[in-house]
Amino acid sequence: MMLELSQLSHRFALTEVLAGINLTLPAGESVALVGPSGCGKTTMLNLIAGLDRPSEGRIENRYAATAYVFQQPRLLPWKTALDNIALGLKARRVGRQEWEARAAALGRRLGLTGADLDKFPHALSGGMQSRVALARALALEPDLLLLDEPFSALDVGLKAELYALLLAEVMARGTSVLMITHDLMEAVRLSDRILMMAPAPGRIVGEFRLERAQAERDEAWIYHSTAAFMRTPEVRAGFGLPPPPHPSPAGGGGQGGGLPPAAASSRGPEKKAEMSCGAH
Ligand SMILES: Nc1ncnc2c1ncn2[C@@H]1O[C@H](COP(=O)(O)OP(=O)(O)O)[C@@H](O)[C@H]1O
Ligand SMILES: [Mg+2]
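All of these numbers come straight from a predicted model, not from anything done at the bench.

The rules behind the values
Residues numbered from 1 in each chain as written. Chains lettered and ligands numbered in written order. Predicted model: local features only at pLDDT ≥ 70, side-chain atom pairs only at ≥ 80, totals over all residues. Core = buried A, V, L, I, M, F, W, Y, C linked by C-beta atoms within 7 Å. Buried ≥ 20, exposed ≤ 12 C-beta atoms within 10 Å, placed from the backbone. Helix = DSSP H or I, 4+ residues; strand = E, 2+ residues; numbered from the N terminus. Pairing = 2+ DSSP bridges. Right-handed = clockwise from strand over helix to strand, strands pointing away. Contact = placed C-beta atoms within 7 Å. Axes fitted to C-alpha atoms, helices over the stretch in contact; angles between N-to-C directions. Parallel < 35°, antiparallel > 145°, perpendicular 65-115°, else oblique. Nonpolar A, V, L, I, M, F, W, Y, C, P; charged D, E, K, R; others polar.

Enquirer: Explanation requested: the nonpolar core in the structure shown.
Expert: Core analysis: the largest hydrophobic core is formed by 65 residues, its most contacted members being Leu 33, Ile 85, Leu 146 and Met 197. Among the elements that line this core, the one with the most residues is helix H6 (residues 126-138), at seven residues.

What follows is the structure in structure tokens.
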């Protein structure tokens, strides 16, 4: 099973939002898409989810079940948390007893109490709503999970808790993950590979592999790897950061606050940067 995007381009009216995207996501891999606001990340996920048709190129999704967690929880306000979690199960005509049991068990695994599960979304905190949204996606037992900044509204404690819950689910089932984040540390923490995007039109300008196995990643490694990632020219150019504190002699002269000279080297989508972190 795998997902493959070939030469994918997309336009809204005359504006080219994505250009020449090639991406393969094999079974069991977690890939993070990072890039500045507006570079087309959500558009790419929407295309993969089939919510929109690409202007050009091909998307082949050979996963049996794809689930999508939107940036906003998007819960149905007139249904309880339990009913929201069970939406997909009900759509699949799973019997009542079974969907109730499965949705409740999943809700509890994601830290929701019985009382929470009976509440309507307006009575749940943002963190609780995010748990419900994640549970609703996991209830489908997806083998491909699309996540659009699902943790961006949460505080660090809640994030840490949900990361652990997500990783436990993903590792237990071998789920493939394609997640959007603009939190670079989150990308380093959760993924096997990071794809750096640049805007106008949105394209992939760097690919970074995180070699260390998930179970062996400690906080020190995550901090160290995030720092290394942030020093790369692709990331600095992509987010409009000034050149790194210790520029190479060849990179001198770029003091004006614009893109560092190295940005030129990241223009071609086929010329990808490679970085391996913590391989030992
Ligand atoms: N339905 C739409 N119609 C027109 N323009 C859109 C639409 N959706 C997104 N865009 C534009 O496409 C660009 C990429 O948007 P998006 O994929 O949401 O970026 P990101 O998720 O990386 O922040 C933005 O300039 C945005 O304004
Ligand atoms: Mg977005």
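Enquirer: Any chance you could explain the pairing of strand S6 (residues 144-148) here in plain terms?
Expert: Side chains on a regular strand alternate between the two faces of the sheet. Of all the five residues making up S6, five are buried; the element is thus mostly covered by neighbouring parts of the structure. Along S6, one buried face is formed by Leu 144, Leu 146 and Asp 148 and the opposite face, lined by Leu 145 and Leu 147, is buried too. Taken together, the four bridges between strand S5 (residues 66-69) and S6 define a ladder with parallel strand orientation. In the sheet register, Val 69 faces S6, and the bridge partner there is Leu 147. In this structure, S6 lies alongside strand S7 (residues 176-180), joined through five bridges in parallel fashion. Its bridge partner being in S7, Leu 147 is matched across the sheet by Met 179. On the question of chirality, the crossover connecting S6 to the parallel S7 by way of helix H7 (residues 156-173) is right-handed.

Enquirer: Would you mind going over the environment of Ala 81 with me for this structure?
Expert: On the secondary structure map, Ala 81 appears in helix H2 (residues 81-85). The exposure class assigned to Ala 81 is buried, which follows from the 28 C-beta atoms found within 10 Å. Sequence separation of Ala 81 and Met 128 is 47 residues, and the distance between their C-alpha atoms is 9.1 Å. When residues no more than four places from it in sequence are discounted, the contact partners of Ala 81 are Gly 107, Leu 112, Asp 116, Leu 117, Lys 119, Leu 124 and Val 132.

Enquirer: Even after reading the chapter, I still don't get the packing of H6 against H7, so can you show me in this structure?
Expert: For any two helices packed against each other, the geometry comes down to the angle between their axes and how far apart the axes lie. At a minimum axis distance of 11 Å, the contact between H6 and H7 shows a crossing angle of 10°. By the angle between their directions, the pair H6 and H7 is classed as roughly parallel. Here H6 contributes Gly 127, Ser 130, Leu 134 and Leu 138 to the contact with H7, which in turn contributes Leu 158, Leu 162, Leu 166 and Glu 169. Residues belonging to the contact of H6 with H7 are distributed by class as follows: five nonpolar, two polar and one charged.

Enquirer: Hey, could you run me through unusual backbone geometry in this one?
Expert: Leave glycine aside and you will find that most residues have negative phi; peptide bonds, for their part, are mostly trans. At the junction of Ala 200 and Pro 201, the peptide bond is cis and its omega measures out at -5° in the coordinates. Along the chain, Pro 201 turns up in the loop between strand S8 (193-198) and strand S9 (203-210). Even without a glycine there, the phi angle at Arg 74 is positive, about 50°. Secondary-structure assignment places Arg 74 in the loop between S5 and H2. A residue is classified by how many C-beta atoms lie within 10 Å of it, and Arg 74, with 13 of them, is partly exposed.

Enquirer: Please clarify how the sheet that holds strand S2 (residues 15-26) should be interpreted in this entry.
Expert: Whenever strands of a sheet pair, they do so through backbone hydrogen bonds, lying parallel or antiparallel. With respect to topology, three strands assemble into an open sheet ordered S2-S1-S4, the strand pairing being antiparallel. Looking at which strands have only one partner, the edges of the open sheet turn out to be S2 and strand S4 (56-61). Adjacent strand axes in the sheet meet at a mean angle of 20° when their direction is disregarded. Relative to S4, strand S1 (residues 2-12) runs antiparallel, the two sharing five bridges. Looking across to S4, one finds that Ser 6 is bridged to Arg 58.

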